[in-house]
Amino acid sequence: MQVLGKIQSVLQWFFLRMDGVGNRVFGERLNPMYYLGATSYWMFWLVVASGLYVYAFYETGVDKTYASMQAITHGQWFAGGILRSVHRYASDAMVLTMLLHMLRHFAFDRHRGFRAFSWITGVVVMWLVYVSGVNGFMLPWDRLAQFVVVATTEWLDALPAFRGILTRNFITPEAVSDRLFSLLSFLHIGIPLVVLLALWIHTQRVPRASQMPPRPLALGLALMLLVLSLARPVIGQAPADFASFPAVLDFDWFYLSVYPLIYAWDPLWLWGALAAGTLLLFALPWLPPARYARGEPRRMTVHPGRVSAPVRPGETLLDAGLRAGVPLPFECRSGGCGVCKATLVGGEVEMSGYQKSALSDDERAAGRILTCCATAVTDVEFEYEENAAARGVAIGHYAATVERLEKLAHDVMLLALRLQDGARISYVAGQYVNVILEDGARRSYSFTAPSGETDLVELHVRRVPGGRFTTRVFESMKLGDRLEFEGPIGSFVLHEPSDKPLIFVAGATGFAPVKSLLEQAFRLGIERPLYLYWGVRQKRDLYLAELPERWAREHPNFRFVPVLSEPAPGDAWQGRTGLVHEAILADFPDLTGLAVYACGSVRMVEAARPAFVAQGLSEDACYSDAFVPAGGAGPAR
């Protein structure tokens, strides 16, 4: 089926070029190429509205039908004549936009998997629209109507099921009676009602499917039809006459394109060709080349709110989010306007079918995506508001009592807080809480355990000389004391899945969130190489050194490298010395293909990040969380 793949490639080229032209002429928000399905809906409603007016003056009967159509067209040209033309041109426009809409979905492989339902119902809608349109050409009872009625009945009579019954009962001169026009009129009301039902079925699985183009575009299209109706009004041809067969007709190629073939081919061969074509359309969602027909469902995590939702194979992130009730912004849904632009925080997506004006190569390289064109290759995490991930999940306010105070080192205290009134807090490894002081000031401390939900929060508090809160923790705090805090906060979390080895960098009590991340990595069963570089001043500052040493014994893929910047003479230190990030640079001359999680002082992070990037680390693979003293520009630790 390489032919289908080549056809898709050509169609993709065509639509992307037409999208670009439309953007230049109409702008990204009003490009008609982005609203083909919605425009088909709009044309349908114009057809219905104009058809109802014309039908109000239409009369059925051998001696009345043609005369009533002439009266509508010429007797009240200012209304009936114009609306008859609008009815015809809107019908043609519906066919055009409907076919383009289907071709676009085929071109970009958006007709497979769970979309197969919409594709199949779309094919049904297409044939119903054609049947309704062909039936409409029978109603004026002019020479074109005569041709369509005769050709249709003869074509149907070629089927073994009819064997000439229709011709004998409807289109011989003696058989043409008022009942024929009553039947045709009934069909022209009944079939559009079925079309309306089929349209509802067609779109009911598409989350927030657009059924109306933007108002300026809708009004512009209606005005275009009105101008066309005034410039080239639709008028009836000569009245039907069964004494002769029309040789020259004002033909409509949108609806009647196959009708000349009824007499050029064997009618049964034409039935066979259309049946085969229809079966091919029905089978297309399962024919190769198929990128998305199979595959494991993925999950996406969306910020703000850290909402998680499943993503079906081949489903765009936008559709998955809307299906889950996430209020993702969008407009064109075709990669042209850029409204759905988001920032990929973790995971891998595939992008196709978008305009460079909506997403430049530089933006793409920086991790920006268009959710309407992005499909998940792995589990993904993204934010649709700038820096939304940094705001974390909904921040709760909690009351707690001090349950345990344990001195881990000369200047580090483990502070365990038990939530009151049966409350529990859900968090992700690497996030933190703000302890709220009496005057509303806040002090930030990271969770030290892997992701979970708990009523006991353990924090590592490092003593800061003169610090209001840390001095209290070390000198006057007692078991049972009451504290308030808010959280969880932050986006310094594992960005999985990934295939990159992970380097964790901790400065002093930056070990607390890194401990949380590493224990989460062990829980996830990550088998890629994991490295921990922990930088402190002296040996006594490695307040839980036995823990990473135990991890190294239990996990063959984990390596622990402590680094002292100012070892004391009594430390008898034989290990690494200097700045912690310089130790990493020495061990990894090329950081390409790795990911780094760094937590420590602002000075450490500001020195480490550019050095890592200069040595090959990708900008979007360097995750950091810097802390500053109370009163600084950021949260204290």
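First, a word on what this report is: a plain description of the structure on this page. Keep in mind the model is a prediction, meaning the values are calculated, not measured.

## A few points about the sheet that holds strand β15 (residues 482-489)
Read from one edge to the other, the open sheet built from 6 strands follows the order β12-β11-β15-β8-β9-β14, with strand pairing classed as antiparallel. Unpaired on one side and paired on the other, β12 (442-446) and β14 (456-462) mark the two borders of the sheet. The sheet shows a mean angle of 40 degrees between the axes of neighbouring strands, direction not considered. Note that strand β8 (residues 396-409) and β15 share 6 bridges and pair antiparallel. Bridged to Thr401 within β15 is Arg482. Taken strand by strand, helix α14 (residues 468-475) contacts β8, β9 (412-419), β11 (432-436), β12, β14 and β15, and its axis lies near 105 degrees from that of β14.

## Points about the sheet that holds strand β2 (residues 307-311)
Here 5 strands make up an open sheet; going across it, the order is β2-β1-β7-β3-β5 and the pairing mixed. Each edge of the sheet is formed by a strand with only one pairing partner; in this case those strands are β2 and β5 (368-370). Going across the sheet, the axis of each strand differs from the next one's by a mean of 40 degrees, ignoring polarity. Bridge analysis of strand β3 (residues 341-346) against strand β7 (residues 380-383) gives 3 bridges, and the strand direction is antiparallel. Note that in β7 the partner of Leu344 across the bridge is Phe382.

## A closer look at the pattern of salt bridges
Applying the stated rule across the entire model yields 26 salt bridges. Here Arg323 and Glu315 are joined by a salt bridge, their closest N and O atoms 2.7 Å apart. A residue is classified by how much of its surface remains accessible, and Glu315, at 1% relative accessible area, is buried. Where Arg333 meets Asp319, a salt bridge forms, and the shortest distance between an N and an O atom there is 2.5 Å. Taken together, the residues span a long stretch of sequence, with Arg333 in the loop between α12 (317-323) and β3 and Asp319 in helix α12 at a distance of 14 residues. Summarising the burial analysis for this pair, Arg333 and Asp319 share the class buried.

## Let's talk about the environment of Asn557
Residue placement: Asn557 occurs in the loop between α16 (546-554) and β18 (558-564). Taking the C-alpha atoms as reference, Asn557 lies 52 Å from Leu281; in sequence the two are 276 residues apart. If sequence neighbours within four positions are ignored, Asn557 has contacts with Ile526, Glu527, Arg528, Pro529 and Leu530. Separated by 2.8 Å, the side chain of Asn557 and the backbone oxygen of Arg528 make a polar contact.

## Some words on the state of the cysteines
The final tally for this structure, using the stated rule, is 0 disulfides. Cys373 provides the cysteine sulfur closest to Cys372, a residue in no disulfide bond, and the two sulfurs are 3.5 Å apart. Cys372 sits in the buried class, given a relative accessible area of 4%. The class of Cys373 is buried, set by a relative accessible area of 2%.

## Some words on the pairing of β11
Burial of β11 is extensive: 5 of the 5 residues sit out of reach of the surface. Where burial is concerned, the two faces of β11 agree: the one with Tyr432, Asn434 and Ile436 and the one with Val433 and Val435 are both buried. As judged from the 5 bridges shared by β11 and β12, these two strands associate in the antiparallel manner. Across the sheet, the residue bridging to Tyr432 is Ser446, located in β12. Hairpin remark: β11 followed by β12, antiparallel, with 5 residues in the connecting loop; positive phi at Gly440, about 90 degrees. The pairing of β11 with β15 spans 4 bridges and is classified as antiparallel.

Conventions adopted
- Residues numbered from 1 in each chain as written.
- Predicted model: local features only at pLDDT ≥ 70, side-chain atom pairs only at ≥ 80, totals over all residues.
- Heavy atoms only, no water.
- Pairing = 2+ DSSP bridges.
- Helix = DSSP H or I, 4+ residues; strand = E, 2+ residues; numbered from the N terminus.
- Axes fitted to C-alpha atoms, helices over the stretch in contact; angles between N-to-C directions.
- Contact = heavy atoms within 4.5 Å.
- Salt bridge = Lys/Arg side-chain N within 4 Å of Asp/Glu carboxyl O.
- Buried < 20%, exposed > 50% of the residue type's maximum accessible area, 1.4 Å probe, protein only.
- Polar contact = N/O pair within 3.5 Å; in protein donor to acceptor, adjacent residues only side chain to side chain.
- Disulfide = S-S within 2.5 Å.

Bear in mind that shape data such as this cannot, by itself, settle questions of function.
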